[in-house]
Amino acid sequence: LEVSNQASGQGSREGFLRGKCAVVTGSTSGIGLSIATALASHGADIMLNGFGDAGQIEGIRAELAKRHGVRVVYSAADLSKTDAVYQMIADAEKAFGTVSILVNNAGIQHVEHIENFPIAKYEAIISITVGAVRNLAMSMTSELSIFPNE
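Residues numbered from 1 in each chain as written. Predicted model: local features only at pLDDT ≥ 70, side-chain atom pairs only at ≥ 80, totals over all residues. Heavy atoms only, no water.

A. Inspection of the pattern of salt bridges at higher detail. With the rule as written, the count across this model stands at 4 salt bridges. The shortest N-O distance in the salt bridge between Arg67 and Glu63 comes to 3.1 Å. Taken together, the positions of Arg67 and Glu63, both in helix α3 (residues 54-68) and 4 residues apart, correspond to about one turn of that helix. Take Glu63: its relative accessible area is 36%, and that puts it in the partly exposed class. Here Asp78 ties to Lys81 by a salt bridge, and the two come within 3.8 Å at their closest N and O atoms. When its relative accessible area of 26% is taken as the criterion, Asp78 is described as partly exposed. Take Lys81: its relative accessible area is 47%, and that puts it in the partly exposed class. (Salt bridge = Lys/Arg side-chain N within 4 Å of Asp/Glu carboxyl O. Helix = DSSP H or I, 4+ residues; strand = E, 2+ residues; numbered from the N terminus. Buried < 20%, exposed > 50% of the residue type's maximum accessible area, 1.4 Å probe, protein only.)

Okay, here's the thing in structure tokens:
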């Protein structure tokens with residue numbers, strides 16, 4: 001975010017996401033956590049999602065909230081389960097109101113020679129990288145105004 005702001009000549013836009021809510025999947029570590037941190041640094045309230053140690057995740061949640069002065073909640077929703085996806089968005093809406101930003105970052109991987117690649121692993125990867133993205137978008141369609149004339 002900082003790079004694009006500087007490149008556009010707009011300078012600092014600190015707090016320009018204040019009042020917005022972001023759901024970031026796969027945000028308990030790595031790229032997802034970096035995205036959540038960047039959004040929080042600009043004032044967005046955050047719903048974290050991902051797997052990991054409950055104590056570490058609580059520490060991440062508390063630190064983001066304290067450092068950036070935003071509300072941060074956590075959902076352990078298993079994105080391979082359609083009902084869990086819809087519930088996670090409902091929980092974000094209950095906590096923050098309208099979800100303004102959705103970052104589909106969650107992913108899983110498995111490395112194996114194709115002849116040994118287990119079908120269950122393939123199905124799990126597709127469930128997260130395709131199915132969850134579809135379900136997240138569908139869970140938010142009533143909030144989106146992509147087609148304002150319809």
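B. Geometry of the confidence of the model for the protein. On average, residues of the protein score 88 in pLDDT, and 85% of them reach the 70 mark or higher. This model gives residues 1-10 a pLDDT under 50, and the stretch forms 9 contacts once residues within four places in sequence are excluded. (pLDDT = per-residue confidence, 0-100. Contact = heavy atoms within 4.5 Å.)

C. The arrangement of helix α5 (residues 119-139) in detail. In the structure, α5 departs most strongly from a straight axis at Ser127, where the bend amounts to approximately 35°. Ile125, Ser127, Ile128, Ala132, Asn135, Leu136 and Ser139 are the residues of α5 that are buried. Close packing links the buried residues of α5 with α4 (82-96) and β4 (101-103). (Bend = angle between axes of the 7 residues up to and from the residue.)

D. Geometry of the side chain of Ser27. Turning to its location among the elements, Ser27 is positioned in the loop between β1 (21-24) and α2 (30-41). A residue is classified by how much of its surface remains accessible, and Ser27, at 0% relative accessible area, is buried. A distance of 2.6 Å separates the side chain of Ser27 from the backbone oxygen of Val24, its partner in a polar contact. Beyond its immediate stretch of four places on either side in the chain, Ser27 contacts Gly32, Leu33, Ala36, Met47, Leu48 and Asn49. (Polar contact = N/O pair within 3.5 Å; in protein donor to acceptor, adjacent residues only side chain to side chain.)

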